[in-house]
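# Structural overview
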Amino acid sequence: MAIRRYVANADNTISNAYKENLRTRATGSNMGQADVSEVFSIYARQSTSSLELSRVLTQFDISQISSDRTAGTIPASGSVSFYLRLYNAETSKTVPKNFTMVAQAISRSWSEGDGLDLENYKDVGKSNWISASSTAAWTSAGGDYHSSPTFTQDFSTGLEDLEIDITGLVENWL
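So, here is what we can say about the structure in this document. (Residues numbered from 1 in each chain as written. Predicted model: local features only at pLDDT ≥ 70, side-chain atom pairs only at ≥ 80, totals over all residues. Heavy atoms only, no water.)

### Thoughts on the side chain of Ser-133
We apply this condition: We count a stretch as a helix when DSSP gives it H or I for four or more residues in a row; a strand needs E for two or more, and each element gets its number in order from the N terminus. Relative accessible area decides the class of each residue, using a 1.4 Å probe on protein chains only: under 20% of the type maximum gives buried, over 50% gives exposed, and in between gives partly exposed. Identification of polar contacts relies on pairs of N or O atoms within 3.5 Å, with a donor-acceptor requirement for protein atoms, meaning one able to donate a hydrogen and the other able to accept it, and with residues adjacent in sequence counted only if both atoms are side-chain atoms. The contact rule is simple, with two residues in contact once any of their heavy atoms fall within 4.5 Å.
For Ser-133, the location among the structural elements is in the loop between strand S5 (99-106) and strand S6 (145-155). Residue classification places Ser-133 among the buried positions, given a relative accessible area of 13%. At 3.1 Å, the side chain of Ser-133 and the backbone nitrogen of Ala-136 are in polar contact. The contacts of Ser-133, once residues within four sequence positions are left out, are Ser-111, Lys-126 and Ser-127.

As structure tokens, this is what we get:
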């Protein structure tokens, strides 16, 4: 069995987190050029009922996968599996345990962004919590996603890599 890897051609972390002042949300920020993608949920930092979230947007070149299918580099539908695999990055900070990560396909085009700042959220523009690009807003804050299919993975230690079988989704794209 041969393994073929397709690497994302764009990614971005978008967030509605509060800035350091805990009054202003960083909804206009993006971290498209950061060396990691950061997923988090922060409860009760700003108030007892506050919730801060991030989302990771990841894009693959489907035309390359399609070309490989046409060329016979990858097998026909029903004879191949596709997995989304994202690797955990070590951190000195405490990580959550016993949670479920949800992955869904984005339903519209988006721009990667050129931000780097995962702490102060000073890099704004392109895709962010409010906008899919510098010229188009999301229909819903935090992004527009297909409701089906939905993929999930449970994390018991918080240190696991993400590995989800997305064969049906990729075959639908192809």
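### Focus on unusual backbone geometry
A cis amide bond, omega 0°, links Ser-148 with the succeeding residue Pro-149. With respect to the helices and strands, the residue Pro-149 is situated in strand S6. A positive phi is found at Leu-22, a non-glycine position, where the angle reads about 55°. Positionally, Leu-22 belongs in the loop between strand S1 (10-15) and strand S2 (41-43). Taking the relative accessible area as the measure of exposure, Leu-22 reaches 28% and is therefore partly exposed. Positive phi outside glycine occurs at Asn-98, with the angle close to 55°. Along the polypeptide, Asn-98 turns up in the loop between strand S4 (83-86) and S5.

### Some details on the packing of aromatic side chains
Our working rule: Centres within 6.5 Å are what make two rings of Phe, Tyr or Trp a pair, Trp counting through its six-membered ring; a difference in plane orientation under 30 degrees is then read as stacked, over 60 as edge-to-face, and the rest as tilted.
As enumerated under the stated definition, the model contains one aromatic pair in all. Pairing Phe-99 with Phe-155 gives two aromatic rings, centres 4.9 Å apart and planes at 5°, and the pair type is stacked. Here Phe-99, found in strand S5, pairs with Phe-155, found in strand S6; they are 56 residues apart in sequence, far enough to count as distant. Given a relative accessible area of 24%, Phe-99 falls into the partly exposed group. Residue classification places Phe-155 among the buried residues on the basis of a relative accessible area of 4%.

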